[in-house]
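# What the coordinates show
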Amino acid sequence: MIEVINGNVFHLQNNRISYVFYIMKNDQLGHLYFGNPLGRLSEMDIRYLIERNNKSGGTVKFSQEDGMFTLADQAQEYPVYGSSDFKEGAIDVFHENEPWYLDFKFVRYHLSKGKERQLAVPSAYAAADESETLTIQLSDEEHRLDLSLSFSIFTDFAVIAKNQQIVNRGQDPVRIQKMLSGVLELPSADYDFLQLSGAWLKERHIKRRKLEQGTVSAGSLKGASGHQHNPFIALVEKNADNNKGNVYAANLIYSGNFLGQVEVDEWDNTRLMIGINPAYFSWELNADESFSTPEALLFFSDQGLNGISNQTGRFAEKHIIDRKWSNEIRPIVFNNWEATYFDFDQKKLLALAKAGKDLGMECFVIDDGWFGKRDNAKSSLGDWYADPKKFPDGLGKFARQIHEMKLQLGIWFEPEMISPDSDLYRLHPEWVVKHPYSRASVGRGQFVLDFADPKVVDAIYGQLKKVILDTQLDYIKWDMNRNITEAYSNYLSQKKIDQTEFFHRYILGVYSLYAKILTDFPEILIEGCAGGGGRYDLGILFYSPQIWPSDDSDAVERLKIQSGTLLGYPLSSFSNHVSASPNHQTERITSLKMRQDVAMFGPLGYELNLAALSDHEKEEITARIAFYKNNRQLLTFGTFYQLIEVKEDSNEYAWAVFNEEKTEAVIAFFRILAKPNSSVQEFLKVPFICTDRTYLVNGQTVSGQVLKNIGIRKPYQFNGVNHDQAEVKGDFQSYTYYLKEKIPNSSGGSSNGKI
Ligand code: DGJ
């Protein structure tokens, strides 16, 4: 997969991509290409790519010696600002208050196979026959700094993983002011910048705007990747759509403050960079110390947005999420939050568990409110022992009762948080993230614990471990409901470590707690959550194979949230719950059918008062769960495909999921607002279908040719006169199709359950 040509050109290639860079005249690394595979590169090809006998106008030269060489117009692998290149660089290092304009020159390279999965820090991992890594050692001799850049390529994935390490070989400490993880230079600006942005209750909507000369960015300074912006960003060729056109995407395997930015220069060269947000960050590097960046991923597809979504999702499943879960079906969860909020006791929960079990659910999750004396959001975070008022017989006994019903048990924790009204706070007020100022901001009535301090993490783990052992816990929901303000750690202050290291050390502390839990209890399934989808990132996915995407469980809003999220994350990473109507976040009234149709794409769950269901609703849920169980592998791990391009104001969505052999698919069509008097003949093309086969579409025989070129018929909408025949009526329409290959001479095949 990795070829080194003449000792100075590096070609990483597999069946999907080529990535090429070389050692420039000044011994720094220049970038040449990322895109479709190039095959074997000849000497002539290389000369053709590299040769440039002139420089762009109006530039400063790199040195006296070569009057034609400037970094300003060179695509680079790891650019440094200020030595003839005026764009922002990937690394800034200061010595005392003096910026160093570093000159990292090639020293040697090293090849290795495979990538180990180490719980301490999230990164992509692979077996020896699944990936190769090229590490380039660079050095700035004058400043006594070594920099190694790693590039990994994986069998059958259109992705390059990058990370960097810097070592201080000098005598004096230096300060890293900025050190990003992923850089990609493209010789054109003919792209849209795509970001997944929003807020609490409306996370990761797709936003797309045209690139112009200048800089655009998405990032976070909240101590978490955040609700507002996601670390997944993409450059989408202007004419690219769902199925065609070049798309470059980047993501960071990190859950803390990040920055994803794109700068377009005066010649329409585009520089994409992603990494730890340099604002409120710096890191002191003493003699012989090293610092490593989180890993960045750069993806490419020439098959539009579906192509990129397929790559990012599959890659996360195979090389980021623990393999234990990457193909393992997930339990159908019942979560009591929207059913009871804080108002419950063991009796009420057992009744809900029994009702859930009768309907076919498989895991009962007790959400917030089971511990301390927590009857509202004002107390007890940090006191992880059961409230005796709610569990008079103890949590252990309750757990046994749940297990006796043949249900798994899940419990909600918010390990990083502390309430001012808690035993833990009374004992350790100094464990709170809080500046010595007299004023401190409060979020949801709570403070953040200082996870930069290892003894705080240990103390919280001690409490969690007791609960896990006592309940033989199967599932954890790990929440995180407030962001970090006035970031300050007493521990760092005592250790004389700069507070600018806090945010990064905090997130490493969070990872260390995940590592402790998973080392001792590798079987536990952890669901990530952060006030909904405030930390939906690859760092969290490394430990939690699924994440609660949003506190907004409204089916219509979820169409947007899930469509955006699916560009960067797999279907199997969702926790989708069917909730009540009117919805608690939007007060929108939708049918149970629509709510179940949306939620079945990915791991399915329920979060509504089961005691209030009508018999008809119970029947609908039982039938859907039966269908889901029959098709769970497909709906969780199948290939997801958008049949209609998603825009910010889309009125129609069509989601498809198909199996590897393309013998089966489930398609759901959603229309948010009814269209008056719409045509009776509207079709949705199914591009992924095999044209040499015939399919049963909800039992009707249709050829692959027809499905691909004409499509499935959209549901017959109420148009003012067709009262009896209309298949969908009013707003919030939902219609599902089950497709199965029809085997010639067979009876037609079973429908694998009814939707
Ligand atoms: C926010 C989560 O996103 C909800 O699902 C719920 O767990 C609440 N926190 C509980 O406080």
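Quantities reported herein were computed from a predicted structural model and do not represent experimental measurements.

Procedures and definitions
- Residues numbered from 1 in each chain as written.
- Predicted model: local features only at pLDDT ≥ 70, side-chain atom pairs only at ≥ 80, totals over all residues.
- Heavy atoms only, no water.
- Helix = DSSP H or I, 4+ residues; strand = E, 2+ residues; numbered from the N terminus.
- Contact = heavy atoms within 4.5 Å.
- Areas by Shrake-Rupley, 256 points an atom, 1.4 Å probe, with all protein chains shown as cover.
- Lys, Arg positive; Asp, Glu negative; His and termini not counted.
- Charge placed at Lys NZ, Arg CZ, Asp CG, Glu CD.
- Buried < 20%, exposed > 50% of the residue type's maximum accessible area, 1.4 Å probe, protein only.
- Pairing = 2+ DSSP bridges.
- Right-handed = clockwise from strand over helix to strand, strands pointing away.
- Near = heavy atom within 4 Å.
- Polar contact = N/O pair within 3.5 Å; in protein donor to acceptor, adjacent residues only side chain to side chain.
- Nonpolar A, V, L, I, M, F, W, Y, C, P; charged D, E, K, R; others polar.
- Axes fitted to C-alpha atoms, helices over the stretch in contact; angles between N-to-C directions.
- Disulfide = S-S within 2.5 Å.

Before going further, it helps to examine the overall build of the protein chain. Counting its regular elements, the protein chain contains 16 helices and 39 strands. In terms of overall dimensions, the protein chain has C-alpha extents of about 85 × 70 × 45 Å along its principal axes. Summarising the internal contacts of the protein chain: among those between residues at least 6 apart in sequence, 69% fall at separations of at least 24. With an accessible surface of roughly 28800 Å², the protein chain has 49% of that area assigned to carbon and sulfur atoms. Charge-centre separation for the protein chain: the mean point of 81 positive side chains lies 4 Å from the mean point of 98 negative side chains.

The side chains of a regular strand alternate between the sheet's two faces. Burial along strand 23 (residues 363-366) is two-sided: Cys 363 and Val 365 facing one way and Phe 364 and Ile 366 facing the other are all buried. Bridge analysis of strand 22 (residues 333-335) against strand 23 gives three bridges, and the strand direction is parallel. Residue pairing for strand 23: Val 333 is matched across the bridge by Cys 363. Both strand 23 and strand 24 (residues 408-413) contribute to a ladder of four bridges, which runs parallel. Bridging across to strand 24, Cys 363 finds its partner in Gln 408. The handedness of the strand 23 to strand 24 crossover, carried by helix 6 (residues 395-404), is right-handed.

This brings us to unusual backbone geometry. Note on backbone geometry: most residues besides glycine have negative phi, and most peptide bonds are trans. A cis amide bond links Ser 581 to the next residue, Pro 582, at an omega of 0°. On the secondary structure map, Pro 582 appears in the loop between strand 30 (576-579) and helix 13 (592-599). We note that Lys 406 has phi near 65°; this positive angle belongs to a residue other than glycine. Within the secondary structure, Lys 406 is located in the loop between helix 6 and strand 24.

On to the environment of Ile 274. With respect to the helices, strands and loops of the structure, Ile 274 is situated in strand 18 (residues 270-276). Separated by 95 residues in the primary sequence, Ile 274 and Met 179 have C-alpha atoms spaced 9.5 Å apart.

In the vicinity of the ligand, 13 residues are found, and the nearest of them are Asp 367, Asp 368, Lys 477, Asp 479 and Asp 551. Between the ligand and Asp 367, the relevant distance is 2.6 Å, taken from an oxygen atom to a side-chain nitrogen or oxygen of the residue. Look at the ligand: alone it shows 290 Å² of surface, and the protein chains cover 99% of it. Broken down by class, the residue content of the shell around the ligand amounts to four nonpolar, three polar and six charged.

Attention now moves to the side chain of Ser 326. Note on placement: Ser 326 falls in helix 3 (residues 323-326). By relative accessible area, Ser 326 is classed as buried at 13%.

The strand order across the open sheet formed by four strands is 1-2-3-4, and the pairing between neighbours is antiparallel. The two strands at the open ends of the sheet, each matched to only one other strand, are strand 1 (2-5) and strand 4 (29-35). Neighbouring strand axes in the sheet, compared pairwise and without regard to direction, differ in orientation by 15° on average.

Turning next to the environment of Phe 104. Here Phe 104 shows up in the loop between strand 6 (98-100) and strand 7 (105-113). Considering only alpha carbons, one finds Phe 104 and Pro 582, 478 residues apart in sequence, at a separation of 60 Å.

So, on to the state of the cysteines. Applying the stated criterion across every chain yields a total of zero disulfides. With no disulfide of its own, Cys 363 has Cys 529 as its nearest cysteine by sulfur position, at a separation of 15 Å. Taking the relative accessible area as the measure of exposure, Cys 363 reaches 1% and is therefore buried. Classification of Cys 529 as buried rests on a relative accessible area of 6%.

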